[in-house]
Amino acid sequence: MPSGSGSPSDSARLIVLGSAGLADGFSLIGAEVYADAEPATVETVLEQLVRSGEAALVLLETPLAHAGGPWLNRLRNEGGRIVITELPPLPSPQDYAPAVDDVVRAVLGPDALK
């Protein structure tokens, strides 16, 4: 069946792991949420996604995104059908600095993001 045909296998899961407040907000738009998740939960969910062959967009709150783990590290290095991105912490979004900022500064100079 061609891509984009609308069959269930063409859709990706939206999965959010983070604090209860953050997860509750995403549940309102139909995301699959894991409130107050631990790093072990992240690893379990990612392993299940890999083994099932499903596509997914996985949103991790900052502490979970920085926790590391074999499956998280593997999927970040591989890319592909499981996309992982980081969300700023709900109580302090002003403290969020995406990892790509360091890459931009390294390439374009220390004042690139001012």
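This report concerns the structure included in the present document. (Residues numbered from 1 in each chain as written. Predicted model: local features only at pLDDT ≥ 70, side-chain atom pairs only at ≥ 80, totals over all residues. Heavy atoms only, no water.)

### Looking at unusual backbone geometry
No. 1: With a phi angle near 50 degrees, aspartate 36 is a residue other than glycine that sits in the positive phi range.
No. 2: Inspection of the secondary structure assignment puts aspartate 36 in the loop between β2 (32–35) and α2 (39–52). (Helix = DSSP H or I, 4+ residues; strand = E, 2+ residues; numbered from the N terminus.)

### Brief notes about the pattern of salt bridges
No. 1: Using the criterion set out here, one finds 4 salt bridges in the structure.
No. 2: As a salt-bridge pair, arginine 13 and glutamate 32 come within 2.6 Å of each other at their nearest N and O atoms. Separated by 19 residues along the polypeptide, arginine 13 in strand β1 (residues 13–18) and glutamate 32 in strand β2 bring together distant segments of the chain.
No. 3: Here arginine 13 falls in the partly exposed class, since its relative accessible area comes to 25%.
No. 4: A salt bridge links glutamate 54 to arginine 13; the shortest N-O distance between them is 2.7 Å. Placement of glutamate 54 in the loop between α2 and β3 (56–61) and of arginine 13 in strand β1 is noted, with a sequence separation of 41 residues between them.
No. 5: Residue classification places glutamate 54 among the partly exposed positions, given a relative accessible area of 31%.
No. 6: One continuous salt-bridge network, built from bridges that share partners, spans Arg13, Glu32 and Glu54. (Salt bridge = Lys/Arg side-chain N within 4 Å of Asp/Glu carboxyl O. Buried < 20%, exposed > 50% of the residue type's maximum accessible area, 1.4 Å probe, protein only.)

### Here's the deal with the packing of α2 against helix α4 (residues 70–78)
No. 1: Between α2 and α4, whose axes approach to 8 Å, the crossing angle comes to 50 degrees. By the angle between their axes, α2 is oblique relative to α4. Note that α2 runs across α4; the crossing there is left-handed. Here α2 contributes Glu43, Leu46, Glu47, Val50 and Arg51 to the contact with α4, which in turn contributes Pro70, Trp71, Leu72, Arg74 and Leu75.
No. 2: Within the contact of α2 with α4, the residues separate by chemical class into 6 nonpolar, no polar and 4 charged. (Axes fitted to C-alpha atoms, helices over the stretch in contact; angles between N-to-C directions. Parallel < 35°, antiparallel > 145°, perpendicular 65-115°, else oblique. Left-handed = near helix turned anticlockwise from the far one by under 90°. Contact = heavy atoms within 4.5 Å. Nonpolar A, V, L, I, M, F, W, Y, C, P; charged D, E, K, R; others polar.)

### Topic: the sheet that holds β3
No. 1: Taken in spatial order, the 4 strands line up as β2-β1-β3-β4 in an open sheet, and their pairing is parallel. Whereas interior strands pair on both sides, the edge strands pair on one side only; in this sheet they are β2 and β4 (82–87). Averaged over all pairs of adjacent strands, the angle between strand axes in this sheet comes to 15 degrees, irrespective of strand direction.
No. 2: The sheet contact formed by β1 and β2 spans 4 bridges and is parallel. For valine 16, the partnering residue across the bridge sits in β2 and is valine 33. (Pairing = 2+ DSSP bridges.)

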